[in-house]
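Structural characterization, general
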Amino acid sequence: MIGATLTAQTLQKIIDSAPLALMFFRSIRDASTNEIIDFEWIAANQKSAEIIGVPFDKLIGGRMLSINPHNKPLGLFDSYTQVVETGIPYQTEVAYEAEGVNGWYDITATKQDDGLILSVLDTTTRKRAELELNLRTEQLQTTLDASLNSILSMTAIRDGKVSEEAPKGKIVDFWMGAANKAVIQSLGHTPEEMAGVRMLDMFPGNIESGLFDVYARVTNTGQPERAVQYYTDDKGLDAWFEVQAVKQGEDGVVLTFMNITEAKRHEKQLQRSNESLQDFAYVASHDLQEPLRKVQSFGNLLAMEYGDRLGSKGLDLLDRMQSATNRMQHFIRDLLTFSRLNAQPHAFQPVDLNGLLAGVLSDLETAIESTQAEFDIAPLPTIKGDSLQLRQLFQNLLTNSLKFVEPGRKPHIQIALVPVDSRILPRELTGNFCAIQLTDNGIGFEEQYRDKIFAAFQRLHNRTQYEGTGIGLAIVKRVVELHKGHITATSELGKGSVFTVYLPS
């Protein structure tokens, strides 16, 4: 009797030391049908009482459906019955919520005589962490899928041959991993189709395009790289890509890329358009101007040799013809200047604006003397730019101020370096800028026209009042844009204008 008691105590200690709940049941059957209608606890460990939330002394001898009635709607009771009747073990992980019980449990049921043994492992902590991870992964995937850029993570595959040049082995391929939905549009494959596939098996053109070398360098050096490359392969993918590669973890890389084929197509169309424009500029500078010079020459000859025979009316018509050919010549010259601005700009060099402005004033000497213009010019900085284009900028601004003045008024023009108002600059312009302001006392314009004045061929005044082709300020604006700057104009009718040019310093 004493030996039996010691054996039971020893057995209880053994099962109490187990890290999971152990429960032993015998079947309770209906006397008439022999069907299992419940289970009775015959043994358990302390962990069982903790999980179920019932004192240990009330657990033994208790019935399953009385203590855990939720086993019935959860289908657990029927599964336990099948274990006893068939002898086939049963395993499941279930979310269990009842009085005092709230968590995830891994349950294994095995038959023991006419009963069963349940081993129950509390997996709540692990499961909640898993669910949290899944939630974060889902949120991350949702964020990635919201991006218009294609995103793909990859892990390097190395050949295992260690050398001085490749301490961890040479990269021979990449395993493709997580990706966002934008890859479908860029690559023609879903993230699911790409995951776990070797990159070169699905996209072999990465070798010939040079993109593979970019990915390998980023993985080995950790230095991000950006590339714009043309890609083609024998599987039908033919496109231009802009790719940003960043190292991830120990041996991975994350690619952010866009299929820019359409943009490249537009770029080529624009290039062809610019080439056509240059062809037009050549025609304008030669084939169109030469006939005009002949018309002017013959007109002058006609006036000199036959002027006395033409009479006043004939001379007036001849004068109008000569005036029209002069306007046409000026128009072609300005159009040629404007078209050449769209050509590839020269490499920017330091330009002393003081010296440049002095040259412009020298070129405008005749106009300055005829209008008796006065100038107040403050010292200007040296900036990086194209000296020829900047010369056109100041020449057209000054010509504009010298031209649009009320009759009888002497032009007064001030040029100064002023503090930069960063609120004026568009958001896409970054870096340091200088602001050069030109103020005149001309006829001015209404504020509603301050954007219109920079458009080509736009005139606010009749040609008989003020000469010009309507291209001068368009040239000014284009030069400012080519220098990644900005220009503003403010004015009041009859009280002059203020032009502020913002150029990178």
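Note that the structure is predicted; figures quoted are calculated from it, not measured.

**Overview of the overall build of the chain**
Secondary structure summary: the chain contains 16 helices and 17 strands in total. Scored against the burial criterion, the 505 residues of the chain give a buried share of 37%. Put simply, of all contacts in the chain between residues at least 6 apart along the chain, 58% involve residues at least 24 apart. In the form shown here, the chain has an accessible surface area of approximately 29,300 Å², with 53% of it arising from carbon and sulfur atoms.

**Side note on the pattern of salt bridges**
For the structure on display, the rule yields 21 salt bridges. The shortest N-O distance in the salt bridge between Arg 217 and Glu 225 comes to 2.9 Å. Exposure remark for Arg 217: the relative accessible area of 40% places this residue in the partly exposed category. On the accessibility criterion, Glu 225 (22% relative accessible area) is partly exposed. Of the charged contacts in the structure, one is a salt bridge between Asp 316 and Arg 320, with a shortest N-O distance of 3.3 Å. Of the two residues, Asp 316 and Arg 320 are both situated in helix H12 (residues 261-340); the distance of 4 residues between them amounts to about one turn of the helix. Taking relative accessible area as the criterion, Asp 316 reaches 36% and is therefore assigned partly exposed. What makes Arg 320 exposed here is its relative accessible area of 56%.

**Some details on the packing of aromatic side chains**
Counting across every chain of the model gives 8 aromatic pairs. Note on Phe 25 and Trp 41: the rings are 4.7 Å apart at their centroids and 45° apart in plane angle, and the pair reads as tilted. Of this pair, Phe 25 sits in strand S1 (residues 21-29) while Trp 41 sits in strand S2 (residues 36-44), and the two are 16 residues apart along the sequence. Classification of Phe 25 as buried rests on a relative accessible area of 2%. Through a chain of ring-to-ring contacts, three or more aromatic side chains come together here, namely Phe 25, Phe 39, Trp 41 and Phe 77. When the ring centre of Trp 104 is taken as reference, the NZ or CZ atom of Lys 127 above it lies at 4.8 Å. The aromatic ring of Trp 175 is capped on one face by Arg 198, whose charged end is 5.7 Å from the ring centroid.

**Here's the deal with the side chain of Thr 92**
For Thr 92, the position within the fold is in strand S3 (residues 90-98). Residues in contact with Thr 92, not counting those within four places in the same chain, are Leu 76, Tyr 105, Asp 106 and Ile 107.

**A few points about helix H15 (residues 387-403)**
Between its first and last C-alpha atoms H15 spans 24 Å; for 17 residues at 1.5 Å apiece the expected length is 24 Å, and the two agree. Where H15 begins, one side-chain oxygen reaches toward the backbone nitrogen of Leu 388, 3.0 Å away; that side chain belongs to Asp 386.

**A look at helix H16 (residues 472-482)**
Those residues of H16 lying buried are Leu 473, Ala 474, Ile 475, Val 476, Val 479, Val 480 and Leu 482. Once H16 finishes, Lys 484 follows within two positions and takes phi at roughly 55°, a positive value.

**Side note on unusual backbone geometry**
In this structure, Asn 34 is a non-glycine residue whose phi angle is positive, near 65°. By the secondary structure assignment, Asn 34 is in the loop between S1 and S2. Residue classification places Asn 34 among the partly exposed positions, given a relative accessible area of 48%. One non-glycine residue, Gln 372, adopts positive backbone phi at about 55°. Structurally, the position occupied by Gln 372 is in the loop between helix H14 (365-371) and strand S12 (374-377).

**Overview of the pairing of strand S9 (residues 238-248)**
Sheet topology note: the strand S8 (residues 225-232)/S9 ladder contains 8 bridges and is antiparallel. Across the sheet, residue Arg 226 finds its bridge partner in S9, namely Gln 244. Between S8 and the antiparallel strand that follows it, S9, lie 5 residues; Gly 236 among them carries a positive phi value of about 105°. Bridging between S9 and strand S10 (residues 252-259) involves 8 bridges; their strand directions are antiparallel. Residue pairing for S10: Glu 242 is matched across the bridge by Met 258. Between the antiparallel neighbours S9 and S10 lie 3 residues, among them Gly 249 with a positive phi of about 65°.

**Details of the confidence of the model for the chain**
One rule of thumb: low pLDDT means the predicted coordinates there are not for detailed reading. Confidence in the prediction of the chain, expressed as mean pLDDT, is 82, and 84% of residues score 70 or more. Here residues 456-466 is a poorly scored stretch, pLDDT under 50, and it has 29 contacts once near neighbours within four places are set aside; other chains count.

**Quick look at the sheet that holds strand S15 (residues 433-439)**
On the basis of which strands lie adjacent, the open sheet formed by 5 strands has the order S12-S14-S15-S17-S16 and mixed pairing. Since the sheet does not close on itself, it has two edges, and those belong to S12 and strand S16 (486-491), each with one partner. Each strand axis lies, on average, 15° off the axis of its neighbour in the sheet, ignoring direction. Sheet topology places strand S14 (residues 412-418) next to S15; 5 bridges connect them, and they run antiparallel.

**Details of the packing of H15 against H16**
The contact between H15 and H16 brings their axes to 9 Å, and the two run at 145°. You can see that H15 and H16 cross each other, and the crossing is left-handed. Contacts between H15 and H16 involve Gln 389, Leu 390, Gln 392, Leu 393, Asn 396, Leu 397 and Asn 400 from the first element and Gly 472, Leu 473, Ile 475, Val 476, Val 479, Val 480 and Leu 482 from the second.

**Points about the pairing of strand S5 (residues 115-122)**
Buried residues dominate S5, accounting for 6 of its 8 residues. Where S1 lies against S5, 6 bridges are found, and the strand directions are antiparallel. If you follow Leu 22 over to S5, its bridge partner there is Ser 119.

**Observations concerning empty space enclosed by the protein**
Counting across every chain of the model gives 2 cavities of 30 Å³ or more. Of the pockets and cavities examined, the largest cavity occupies roughly 180 Å³. Lining the largest cavity are 16 residues, and of these Met 23, Asn 68, Asn 71, Tyr 96 and Ile 107 sit closest to its centre. Among the secondary structure elements, those contributing two or more residues to the lining of the largest cavity are S1, helix H2 (46-52), helix H5 (76-86), strand S4 (101-112) and S5. Per element, the largest residue contribution to the lining of the largest cavity is 3 residues, and it comes from S4. Residues belonging to the lining of the largest cavity are distributed by class as follows: 14 nonpolar, 2 polar and no charged. The volume enclosed by the second largest cavity comes to roughly 150 Å³. The wall of the second largest cavity is formed by 14 residues, among which Leu 187, Phe 203, Asn 206, Tyr 215 and Phe 257 lie closest to the centre. Looking at the lining of the second largest cavity, the elements that each hand over two or more residues are helix H11 (211-221), S9 and S10.

Conventions adopted
- Residues numbered from 1 in each chain as written.
- Predicted model: local features only at pLDDT ≥ 70, side-chain atom pairs only at ≥ 80, totals over all residues.
- Heavy atoms only, no water.
- Helix = DSSP H or I, 4+ residues; strand = E, 2+ residues; numbered from the N terminus.
- Buried < 20%, exposed > 50% of the residue type's maximum accessible area, 1.4 Å probe, protein only.
- Contact = heavy atoms within 4.5 Å.
- Areas by Shrake-Rupley, 256 points an atom, 1.4 Å probe, with all protein chains shown as cover.
- Salt bridge = Lys/Arg side-chain N within 4 Å of Asp/Glu carboxyl O.
- Phe/Tyr/Trp six-rings, centres within 6.5 Å; stacked < 30°, edge-to-face > 60°.
- Lys NZ or Arg CZ within 6 Å of the ring centre and 35° of its normal.
- Expected span 1.5 Å × (residues − 1).
- Polar contact = N/O pair within 3.5 Å; in protein donor to acceptor, adjacent residues only side chain to side chain.
- Pairing = 2+ DSSP bridges.
- pLDDT = per-residue confidence, 0-100.
- Axes fitted to C-alpha atoms, helices over the stretch in contact; angles between N-to-C directions.
- Left-handed = near helix turned anticlockwise from the far one by under 90°.
- 1 Å grid on protein atoms, 1.4 Å probe; cavity = no way out; pocket = protein on both sides within 12 Å on 5 of 7 lines; lining within 4 Å.
- Points joined across faces, edges and corners; volume = space filled by probe spheres on them.
- Nonpolar A, V, L, I, M, F, W, Y, C, P; charged D, E, K, R; others polar.

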